[in-house]
Amino acid sequence: MLQNRCDVHTHTLFSRHAYSTVRENVLAARDAGLELLGVTDHFSDMLFPGADLTHADLRDYQYFINTTTWPRTLEGVRLLHGAEADIRTLDGRLFGQDVAVAEDITGGPLRSVTTLYDRVVASCDYVIASVHYREFAREATVSQGTEMYLGALAQPKVLALGHAGRAGVPFDVREVVGEAARLGKLMEINNHSLEARRREGRTWQSCRSIAEACAELGCRVIVSSDAHVCTDVGRVPAALELLEGIGFPQELVATRCAAAFLDAMSEAGLTVPAL
Ligand SMILES: [Zn+2]
Ligand SMILES: [Zn+2]
């Protein structure tokens, strides 16, 4: 049995189509025997449809910038704060990188104009980069999809690519996984992608081919619930079934314990938060 004691892709009420608080998720993590919980709400214009994609009001995103007030451990669970940022262009740029911010959350001028991405991500421990809006990649070729994921992986704060097996953008799995391994970054095996889907269906197969490439090329994975309600925190049975089915090595599961995940953060060039 593979061990998995961190859940580093979870959502709270801030994501708007999720239903639990940070504390409810922490309590669920504790009850599921997890050592570490990462909260990664959507950083996306799906939160505010009709948002101006050139300028943003920081007040809409202030949830992210005050997460530095969170305790680093709650109920015995290590607590990290990140974001699940949308990949928005074929060169792997993320939501907010082309959005200017000129005012702080009180409406006063910032010392210098910055981007929404830089302002928000400054207080994130890590970022998971995922495709949700597929419109920009509708006609993408395999080579364009590959460039997109390579571009996202090259972003300094990006630790992992989220649910690439169900995003629907074609890419060269070995090339992307190989580059992730080279950078010390991670691929996600997302339980939510697999749970409701047919074994041997398309999503299952594409997630499995990612996992097989990770095993072969030595790329670590995060195994996550993508929970949108606290009762799903730490629940990853389908992801573990897929991994166990191919004899995936335990040592490549970066979420097997808190220490392994924090090591992976460090190897990816991210700052490991002090206790
Ligand atoms: Zn969501
Ligand atoms: Zn997602």
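This text follows the structure it describes.
Student: Mind showing me how you'd approach the pattern of salt bridges here?
Tutor: Close approach of charged atoms allows side chains of opposite charge to pair. Per the counting criterion, the structure on display carries 14 salt bridges. In this structure, Asp-226 engages Arg-166 in a salt bridge whose closest nitrogen and oxygen atoms are separated by 3.7 Å. Of this pair, Asp-226 sits in the loop between strand 10 (221-224) and helix 8 (237-245) while Arg-166 sits in the loop between strand 8 (158-161) and helix 5 (173-183), and the two are 60 residues apart along the sequence. On the basis of relative accessibility, which here comes to 3%, the residue Asp-226 falls in the buried class. Looking at Arg-166, the relative accessible area reads 24%, which means it is partly exposed. With its nearest N and O atoms 2.9 Å apart, the salt bridge here joins Glu-179 to Arg-182. Linking Glu-179 with Arg-182, this pair stays in helix 5, spanning three residues, or about one helical turn. On the basis of relative accessible area, Glu-179 is assigned to the partly exposed category, the value being 22%. The structure contains a network of salt bridges with shared partners spanning Arg-23, Arg-30, Asp-31 and Glu-75.

Student: Sorry, what's going on with the layout of surface pockets here?
Tutor: Which parts of space are left empty comes out when a probe the size of a water molecule is rolled across the atoms. Of the pockets and cavities examined, the largest pocket occupies roughly 260 Å³. Its residues placed into classes, the lining of the largest pocket shows six nonpolar, five polar and three charged.

Student: Which parts of the structure should I look at to understand unusual backbone geometry?
Tutor: A negative phi angle is the norm for most residues apart from glycine, just as the trans form is the norm for most peptide bonds. Not every positive phi belongs to a glycine, and Arg-16 is a case in point at roughly 75°. By secondary structure assignment, the location of Arg-16 is in the loop between strand 1 (6-10) and helix 1 (22-31). According to the relative accessible area criterion, Arg-16 is exposed, its value standing at 55%. Within the chain, Asp-226 stands out as a residue other than glycine whose phi angle is a positive 60°.

Student: Would you explain the coordination of the zinc ion (ligand 2) in this entry?
Tutor: Six octahedral donors around a metal ideally sit at 90 or 180 degrees from one another, while four tetrahedral donors ideally sit at 109.5 degrees. Distances from the zinc ion (ligand 2) to its protein donors, Glu-84 (OE), His-132 (NE2) and His-163 (NE2), fall at 2.1 to 2.2 Å. Each donor residue of the zinc ion (ligand 2) belongs to the same chain, and together they define the spacing E-x47-H-x30-H. Separating the zinc ion (ligand 2) from the zinc ion (ligand 1) is a gap of 5.3 Å. Of this pair, His-132 sits in the loop between strand 7 (127-130) and helix 4 (142-153) while His-163 sits in the loop between strand 8 and helix 5, placing them 31 residues apart in sequence.

Student: Explain helix 4 to me, please; I cannot follow it from the model alone.
Tutor: Three or four residues apart is the spacing at which side chains of an α-helix point the same way, because the helix has 3.6 residues per turn. The end-to-end C-alpha distance of helix 4 is 16 Å, a good match for the 16 Å that twelve residues give at a rise of 1.5 Å each. Gly-145, Thr-146, Met-148, Tyr-149, Leu-150, Gly-151, Ala-152 and Leu-153 are the residues of helix 4 that are buried. Taken together, the buried residues of helix 4 touch strand 7, strand 8 and helix 5.

Student: When you look at the packing of helix 5 against helix 7 (residues 202-217) in this model, what are you seeing that I'm missing?
Tutor: Working note: a packed helix pair is described by the angle between its axes plus the distance between those axes. Where helix 5 contacts helix 7, the two axes come as close as 9 Å, and the packing angle between them is 45°. The orientation of helix 5 with respect to helix 7, classified from their angle, is oblique. Handedness of the helix 5/helix 7 crossing: right-handed. Taking contact as the criterion, the partners of Val-173, Arg-174, Val-177, Gly-178 and Ala-181 in helix 5 are, on helix 7, Ser-209, Ile-210, Ala-213, Cys-214, Glu-216 and Leu-217. Here the residues of the contact of helix 5 with helix 7 sort into seven nonpolar, two polar and two charged.

Student: Could you clarify how one ought to interpret helix 7 in this entry?
Tutor: For helix 7, spanning 16 residues, the distance from its first C-alpha to its last is 22 Å, which sits close to the expected 22 Å at 1.5 Å a residue. Within helix 7, the full set of buried residues consists of Thr-203, Trp-204, Cys-207, Ile-210, Ala-211, Ala-213 and Cys-214. Count one or two residues on from helix 7 and you reach Gly-218, which has phi positive near 75°.

Calculation criteria
The residue count restarts for each chain, going from 1 along the sequence in the order it is written. Key to labels: chains lettered from A, ligands numbered from 1, both in the order written. For this predicted model, a pLDDT threshold of at least 70 governs which residues receive local features, and a threshold of 80 or more governs which side-chain atom pairs are given and counted, while totals over whole chains, interfaces and linings are taken from all residues. Where side-chain values are given, they derive from all heavy atoms of the structure, hydrogens and water being excluded. By definition here, a salt bridge exists when the distance from a side-chain nitrogen of Lys or Arg to a carboxyl oxygen of Asp or Glu is within 4 Å. Runs of H or I in DSSP of at least four residues are treated as helices and runs of E of at least two as strands, each being numbered from the N terminus. Three exposure classes are used, based on accessible area relative to the maximum for each residue type with a 1.4 Å probe and protein chains only: buried under 20%, partly exposed in between, and exposed over 50%. Of the two site types, the cavity is a set of points on a 1 Å grid over the protein atoms alone where a 1.4 Å probe fits but cannot get out, and the pocket is an open set with protein on both sides within 12 Å along at least five of seven lines, each lined by residues with an atom within 4 Å of a point. Grid points are joined across faces, edges and corners, and a volume is the space filled by probe spheres set on the points. Residue classes follow a fixed rule: Ala, Val, Leu, Ile, Met, Phe, Trp, Tyr, Cys and Pro count as nonpolar, while Asp, Glu, Lys and Arg count as charged, and any other residue, Gly among them, counts as polar. In this analysis a donor is any N, O or S atom within 2.8 Å of a metal ion (3.2 Å for sodium, potassium and calcium), and since water is not included, sites may seem incomplete. To estimate how far a helix should reach, multiply one less than its number of residues by 1.5 Å. The contact definition used throughout considers only heavy atoms, calling two residues in contact when any of these lie within 4.5 Å. Simply put, an axis is a line fit to the C-alpha atoms, just over the touching stretch for a helix, and the angle between two N-to-C directions goes from 0 to 180 degrees. An angle counts as roughly parallel when it lies under 35 degrees, as roughly antiparallel when it exceeds 145, as roughly perpendicular when it falls between 65 and 115, and as oblique in every other case. In this scheme the handedness of a crossing depends on how the near helix is turned from the far one: anticlockwise by less than a right angle means left-handed, clockwise means right-handed.

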